[in-house]
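# Geometric and topological summary
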Amino acid sequence: MDTLDETYLMSSKSWTIPQNDLKIEINRRCCSFRMGAMDQENHDASQEDSPMKEVYTPSNKAIDVSPKKDGGVLKEIIRPGTSKGTAPLGCKVIVHYEGKLTDGTVFDSSKERTPFEFNLGKGNVIKAWDIGVATMQKGEIAILTCREDYAYGAAGSPPKIPPGATLIFEVELIDWEPENLSGKKDKGVLRFPMKEGNGFDSPKESSNVEIRIKGEHEGRIFDERDVSFCLGEGIESDIPPGVEKGLEKFIKGETSRLELKPQYGFGAIGHERFGIPPNAHLTYTVTLKDFDPVVDIWMMSNEQKIGQSKVLKDKGTKYFKADKYQLALKMYLRIVEILDYKNDFQGAEQAEAKSLLLAANLNISMCQLKLKNYLAVRKVCDKILEEDSKNVKGLFRRGQAYLGLNEPQLAKTDFEAVLAAEPENKAVPPQIAICNAKLKEIRSKEKKMYANMFEKFAQKDREWRFGWLEGEKPVVEIAPENPEILEERKRRKEEKKRYIEETRRLLQLKREREELEKNVDEKDASDTEEGVNQNKLEPISDCQTAHTSSENKSADETCNY
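Bear in mind the structure is a predicted one, so any value in this text is a computation, not a measurement.

### Considerations on the overall build of the protein
For the protein, the count of helices and strands is twelve helices and 13 strands. Here the contacts in the protein between residues at least 6 apart in sequence split such that 61% fall between residues at least 24 apart.

### A closer look at a positive patch on the surface
A surface patch of positive charge is lined by Lys 122, Lys 184, Lys 245, Lys 249 and Lys 330. Tracing the backbone through its elements, the reader meets Lys 184 in the loop between strand E8 (179–180) and strand E9 (189–195).

### A short note on the side chain of Glu 244
Along the polypeptide, Glu 244 turns up in helix H4 (residues 241–247). The buried charged residue Glu 244 lacks any salt bridge, with Lys 330 as its nearest oppositely charged partner at 4.2 Å. Not counting the four nearest positions on each side in its chain, Glu 244 is found in contact with Phe 229, Cys 230, Leu 231, Gly 232, Glu 233, Gly 234, Ile 235, Ile 239 and Lys 330.

### Regarding the pairing of strand E6 (residues 141–146)
With six of six residues buried, E6 lies mostly within the body of the structure. Neither face of E6 is left uncovered, since the one carrying Ile 141, Ile 143 and Thr 145 and the one carrying Ala 142, Leu 144 and Cys 146 both have all their residues buried. In the sheet, strand E2 (residues 73–79) pairs with E6 via six bridges, with the strands oriented antiparallel. The residue bridging Glu 76 from the neighbouring strand is Ile 143, located in E6. As defined by bridge partners, E6 adjoins strand E7 (residues 167–177) across six bridges and the pair is classed as antiparallel. Opposite Thr 145, over in E7, you have Ile 168 as the bridge partner.

### A word on the sheet that holds E8
Strand order in the open sheet formed by six strands is E8-E9-E12-E13-E10-E11, with antiparallel pairing between adjacent strands. On the outer flanks of this sheet lie E8 and strand E11 (220–230), each paired with one strand and no other. For E8 and E9, the ladder comprises two bridges, and the chain directions are antiparallel. Paired with Asn 180 across the strands is Leu 190, a residue of E9.

### Some thoughts on the packing of helix H5 (residues 302–321) against helix H7 (residues 347–370)
How two helices sit against one another is set out by the angle between their axes and by the gap between those axes. Viewed as axis vectors pointing N to C, H5 and H7 meet at an angle of 30°, and their least axial separation amounts to 11 Å. Between H5 and H7, the crossing angle belongs to the class labelled roughly parallel. When the axes of H5 and H7 are compared, the crossing they make is left-handed. Residues Asn 302, Glu 303, Ile 306, Ser 309, Lys 310, Lys 313 and Phe 320 of H5 form the contact with H7, whose own contacting residues are Glu 349, Glu 352, Leu 356, Ala 359, Met 366, Cys 367 and Lys 370. For the contact of H5 with H7, a count of residues per class yields six nonpolar, two polar and six charged.

### Overview of the layout of surface pockets
Taken as a whole, the second largest pocket spans an internal volume of roughly 670 Å³. Considering the residues around the second largest pocket, the lining is formed by 24 residues, among which Leu 89, Gly 121, Lys 122, Glu 196 and Ile 251 are closest to the centre. Elements represented by at least two residues in the lining of the second largest pocket include exactly helix H3 (127–133) and E9. Here the lining of the second largest pocket is built from residues that sort into eight nonpolar, seven polar and nine charged.

### Remarks on the environment of Gly 153
Position of Gly 153 among the secondary structure elements: in the loop between E6 and E7. For the pair Gly 153 and Pro 163, spaced ten residues apart in sequence, the C-alpha to C-alpha distance is 7.1 Å. Apart from residues no more than four positions distant in its own chain, Gly 153 is found in contact with Glu 148, Pro 163, Gly 164 and Ala 165.

### Some words on the nonpolar core
Core analysis: the largest hydrophobic core is formed by 30 residues, its most contacted members being Val 93, Phe 118, Trp 129, Val 133, Leu 167, Phe 169 and Val 171. No other element matches E7, which puts five residues into this core. Excluding residues that lie within four positions of it along the chain, Val 133 makes contacts with Val 93, Phe 118, Leu 120, Leu 144, Val 171 and Leu 173. Ile 297, Phe 345, Cys 367 and Val 380 belong to the second largest nonpolar core, which has 26 residues in total.

### Here we look at helix H6 (residues 325–340)
When the terminal C-alpha atoms of H6 are compared, their 22 Å separation across 16 residues agrees well with the 22 Å that a helix rising 1.5 Å per residue should span. By the burial criterion, the buried members of H6 are Tyr 325, Leu 327, Ala 328, Leu 329, Met 331, Tyr 332, Arg 334, Ile 335, Val 336, Ile 338 and Leu 339. Where H6 is buried, its residues contact H5, H7 and helix H8 (374–387). Just past H6, the residue Lys 342 takes up positive phi, approximately 45°.

### Considerations on the pattern of salt bridges
Counting across every chain of the model gives 33 salt bridges. Of the charged contacts, one joins Lys 111 and Glu 170 as a salt bridge, the two residues approaching to 2.8 Å between their closest N and O atoms. Here Lys 111 is found in the loop between strand E4 (106–109) and strand E5 (116–119), whereas its partner Glu 170 is found in strand E7, with 59 residues between them in sequence. Using a relative accessible area of 29% as the deciding quantity, one classes Glu 170 as partly exposed. Arg 505 is the partner of Glu 502 in a salt bridge, and the nearest nitrogen-oxygen pair spans 2.6 Å.

The rules we used
Residues numbered from 1 in each chain as written. Predicted model: local features only at pLDDT ≥ 70, side-chain atom pairs only at ≥ 80, totals over all residues. Heavy atoms only, no water. Helix = DSSP H or I, 4+ residues; strand = E, 2+ residues; numbered from the N terminus. Contact = heavy atoms within 4.5 Å. Patch = residues over 30% accessible without salt bridge, like charges linked within 9 Å, V, L, I, M, F, W, Y side chains within 5 Å. Areas by Shrake-Rupley, 256 points an atom, 1.4 Å probe, with all protein chains shown as cover. Salt bridge = Lys/Arg side-chain N within 4 Å of Asp/Glu carboxyl O. Lys, Arg positive; Asp, Glu negative; His and termini not counted. Charge placed at Lys NZ, Arg CZ, Asp CG, Glu CD. Buried < 20%, exposed > 50% of the residue type's maximum accessible area, 1.4 Å probe, protein only. Pairing = 2+ DSSP bridges. Axes fitted to C-alpha atoms, helices over the stretch in contact; angles between N-to-C directions. Parallel < 35°, antiparallel > 145°, perpendicular 65-115°, else oblique. Left-handed = near helix turned anticlockwise from the far one by under 90°. Nonpolar A, V, L, I, M, F, W, Y, C, P; charged D, E, K, R; others polar. 1 Å grid on protein atoms, 1.4 Å probe; cavity = no way out; pocket = protein on both sides within 12 Å on 5 of 7 lines; lining within 4 Å. Points joined across faces, edges and corners; volume = space filled by probe spheres on them. Core = buried A, V, L, I, M, F, W, Y, C linked by side-chain atoms within 4.5 Å. Expected span 1.5 Å × (residues − 1).

Below you can see the structure in the form of structure tokens.
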């Protein structure tokens, strides 16, 4: 078609260009049409010239690994693996792969990049991969033939993967790592799934859970029972924190083995009743039998928030009175989390929520004081005092935190503010006395330090300028060095020694010369006096030629006539 229907173009609703440009547009469209036709012809010719690609067909060694055995995932082992078992569900697997269409077209490959990592069985990849890789051993290479319903489905993944495509993957399982549930990079809580659960929901903090546990240490079973408790308060039932961490990722009916590092077990204290020593690694086999779902904070009504906060406050008070400060702290922190989220309380609810929030923060500061987390105390007290700068409990507890941080002057300022607000408060004067004692101690140390500082500086200066002229020479151990450097140091040291000795000798000669000149002057003065008094001439003893000064004359030097 070399021309376009001008009438059609004019009547088209999409045609909006001016009449003067109509011919230009008609020619442009005709050109585009002809170019498209030429491209299609060239493509058809190239298809006719190029040989047909061979369609891949799995060999008779391929086995069906799909759960339904419907042929959806076929696996053919190219190179057997070296590990005893296969990768457990939930673990992080590291693979290299090359993906092809059935005609051999490569649409993706990791071999020219870094290996690909994903969590097995979590739906992070196509279904065929979660199924096929779970059957592989470490070091194994296999070809996975993935039918469309186990791959990208009828829609495909354009432009590389056409609709309804069967995919061929060559996969090498390089390594795998157990799933870490600690929430940190310390690999403190490792999960090894043993039995899959049902559903998708997991228990949250404050959920009531029912579990079956078996605890082992170095092959010895020390705890095996059914137990129910509130998640987050497991220590009351002798459940270590690592098990609680793991349960937050379990689903109902799941059984998994958890390996805990000491900080997620019973820590540096151990457990006397279970016979667990300090810093012990533990293994727990845990089955989540049931749990009560907890409403998420964002779904709670204001009434539910206040009601839940009151329950947590009562629990916190009970734990605090029992000296279980860690558990009490958890309860109070949970209150703050609930009431601080989207704070849109009104009227009486607003006043009640504000009172609960203040009480929770004050109780947090007290728990942190008991646990000697002084920086945390200061932080929460600062938050309290931002709202009410004259809050007596906030000032007092911040002052105690400053004492713990060895800041007596700041602590004294807070205690004095408390005393100004409550002159009858008997708890404040002893704290101020402690601050004064600490300040006095600090000033005394500073005085001693500065008293010796200048003398030390002067001594160091003398050492560098003139060497060790006074006192004993220090013993200095010289590490093995270049012999030439040691010889040069020795030469300089001897040169300095000769210089000092020569200086001393010259100084001694100077003193003797000055003394001699002084004696000569005295003798001349004595001769002059004798010339004036001729009638009193006496023989002069040789002993009068020196040391006639009263300051230098001794009893032994007195002349006898």
